[in-house]
Each structure stands twice: as structure tokens, then as C-alpha cells.
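# A look at the structure
For reference, the chains in residue letters:
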Amino acid sequence: MERTLILLKPDALERHLAGAVLHRFEKKGLRIAEMKMLRITPELAGLHYAEHRDKPFYPQLEQYITSGPIVAAVLEGPEVIAVVRRMVGPTNGIEAPAGTIRGDYSLSSQRNLVHASDSPASAEREIKIFFA
Ligand code: CMP
């Protein structure tokens, strides 16, 4: 059984969509193995988004991800990393197909509701950051 990390980002909570997003993963048959609400600090943002730290959009990303509470969860299921990435959809909500979470609820490449680990190595690294 595989595990992945998801973050319900500040816009998901502000828009009262955390339950709707989680419900999709539950309806798919995935198990919520761990879950907690927290506020991401700039230090934690830098750790989690290490690969984006040098990107031009990083300052905005840090401001957004630290702007309000988030929910971190570990989801478990067969091939869950790929399954969840498909359910979440491409980064930009404008381009994400209908039926994906971002396609149905987002019109932004930043405020895109949910983060999901993109590989087994990322999942292992990110789960350790949020659930040490
Ligand atoms: P996520 O899947 O969590 O991974 C990196 C995040 O950076 C991404 O979702 C978006 O929230 C944000 N992001 C990615 N590309 C851009 C961009 N071009 N402009 C602003 N934010 C971005």
C-alpha cells in the first residue's frame, strides 16, 4: 500500500471547500491515514517547496501558503501517488480539465486548493516534513 501527502491550502479553507475536496478522496476509496490542521511558517514553506525556492513566483507562493491555516493529510491506497495527482489535475486551474479538483474549483495557477506529492521520493520526503 502506497502513501502520499496532500495539503489543503489556505484558499481551500477560506472557501469552505476542505470537506468537498477530502470527500472526493474518500469517495475514491482512499484512506486518510493521518491528518492535522496547522499554519505553515516561512521556514516550513522553504523546506516543503525547496525545489521552487529559486523560481520567480516563490515570494508570492510563500505569502500565499503562509496566509492562513492549512490541512495536511497522508492518504493511503494502491498507486495513491499517481491516483491523487490525476484527481487533483494540472497546476493551472484554467487549464485543468473538468472533473479534476483544480478543474472544477480553481481559476489560478497559484490558488489551486490542494498540493499532492508528485513521486514516491517526494511523498517520502514531504510526509516526513509534516508528520515527523
Ligand atoms: P503545488 O502543486 O503545491 O506546487 C507548487 C505551487 O506553486 C503550486 O502548487 C502553485 O500553488 C504554485 N505555483 C506554481 N506555478 C506558479 C506560477 N506560475 N505562479 C504562481 N504560483 C505558482
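We now turn to the structure provided with this report. Predicted model only: the values in this text are computed from it and were never measured.

### Concerning the site of the ligand
Around the ligand, a shell composed of Lys9, Tyr49, His52, Phe57, Leu61, Thr91, Arg102, Ser109, Gln110, Asn112 and His115 is seen. Gln110 is positioned with one of its backbone polar atoms (N or O) 2.9 Å from an oxygen atom of the ligand. Protein coverage of the free-state accessible area of the ligand, which is 460 Å², stands at 81%. Of the residues contributing to the shell around the ligand, the split by class is 3 nonpolar, 6 polar and 2 charged.

### Overview of the pairing of strand β3 (residues 70–77)
For β3, the buried fraction is high: 8 of the 8 residues fall into the buried class. Alternating residues of β3 divide into Ile70, Ala72, Val74 and Glu76 and Val71, Ala73, Leu75 and Gly77, and every residue in both groups is buried. In this sheet, β3 lies alongside strand β1 (residues 2–8) in antiparallel orientation, the contact comprising 7 bridges. By the bridge assignment for β3, Leu5 is matched with Val74.

### Concerning the nonpolar core
In this structure, Ile6, Leu8, Phe25 and Val84 are the most contacted members of the largest nonpolar core, which totals 24 residues. Every element with two or more residues in this core is listed here: β1, α1 (10–14), α2 (18–28), β3, α5 (80–88) and β4 (114–116). With 6 residues, α5 is the single largest residue contributor to this core. Look past the residues within four positions of Phe25 in its chain and what remains in contact with it is Ile6, Leu30, Leu75, Val84, Met87, Val88 and Ile101. In terms of nonpolar packing, the next biggest core, distinct from the first, is built from 17 residues, Leu38, Ile40, Tyr49 and Ile65 among them.

### A look at the environment of Lys36
With respect to the secondary-structure elements, Lys36 resides in strand β2 (residues 31–38). Each C-alpha atom of the pair Lys36 and Phe131 lies 9.1 Å from the other, and the pair is 95 residues apart in sequence. Once residues within four sequence positions are removed from consideration, Lys36 is found in contact with Ile70, Val71, Ala72, Phe130 and Phe131. Engagement of the side chain of Lys36 in a polar contact is seen with the backbone oxygen of Phe130, the distance being 2.5 Å.

### With respect to the sheet that holds β4
Working definition: the strands of a sheet are paired by backbone hydrogen bonds and lie parallel or antiparallel to each other. Read across the sheet, 4 strands follow the order β2-β3-β1-β4 without closing on themselves; strand pairing throughout is antiparallel. The outermost strands of the open sheet, each flanked by one partner alone, are β2 and β4. Sheet twist, expressed as the mean angle between neighbouring strand axes with direction ignored, is 20 degrees. Direction of pairing for β2 relative to β3: antiparallel, over a ladder of 7 bridges. The residue bridging Ile32 from the neighbouring strand is Leu75, located in β3. Contacts between α2 and the sheet are confined to β1, β2 and β3, with β1 contributing the most and set at about 165 degrees to the helix. The strands touched by helix α7 (residues 120–130) are β1, β2, β3 and β4; relative to β1, the strand with the most contacts, the crossing angle is about 55 degrees.

### Re the environment of Leu75
Within the fold, Leu75 resides in strand β3. Judged by its relative accessible area of 0%, Leu75 is buried. C-alpha of Leu75 to C-alpha of Arg31: the two residues are 44 residues apart in sequence and 5.5 Å apart in space. The residues touching Leu75, leaving out its near neighbours within four places in the chain, are Glu2, Arg3, Thr4, Ile6, Phe25, Leu30, Arg31, Ile32, Val80 and Val84.

The rules behind these values
Residues numbered from 1 in each chain as written. Predicted model: local features only at pLDDT ≥ 70, side-chain atom pairs only at ≥ 80, totals over all residues. Heavy atoms only, no water. Near = heavy atom within 4 Å. Polar contact = N/O pair within 3.5 Å; in protein donor to acceptor, adjacent residues only side chain to side chain. Areas by Shrake-Rupley, 256 points an atom, 1.4 Å probe, with all protein chains shown as cover. Nonpolar A, V, L, I, M, F, W, Y, C, P; charged D, E, K, R; others polar. Buried < 20%, exposed > 50% of the residue type's maximum accessible area, 1.4 Å probe, protein only. Helix = DSSP H or I, 4+ residues; strand = E, 2+ residues; numbered from the N terminus. Pairing = 2+ DSSP bridges. Core = buried A, V, L, I, M, F, W, Y, C linked by side-chain atoms within 4.5 Å. Contact = heavy atoms within 4.5 Å. Axes fitted to C-alpha atoms, helices over the stretch in contact; angles between N-to-C directions.

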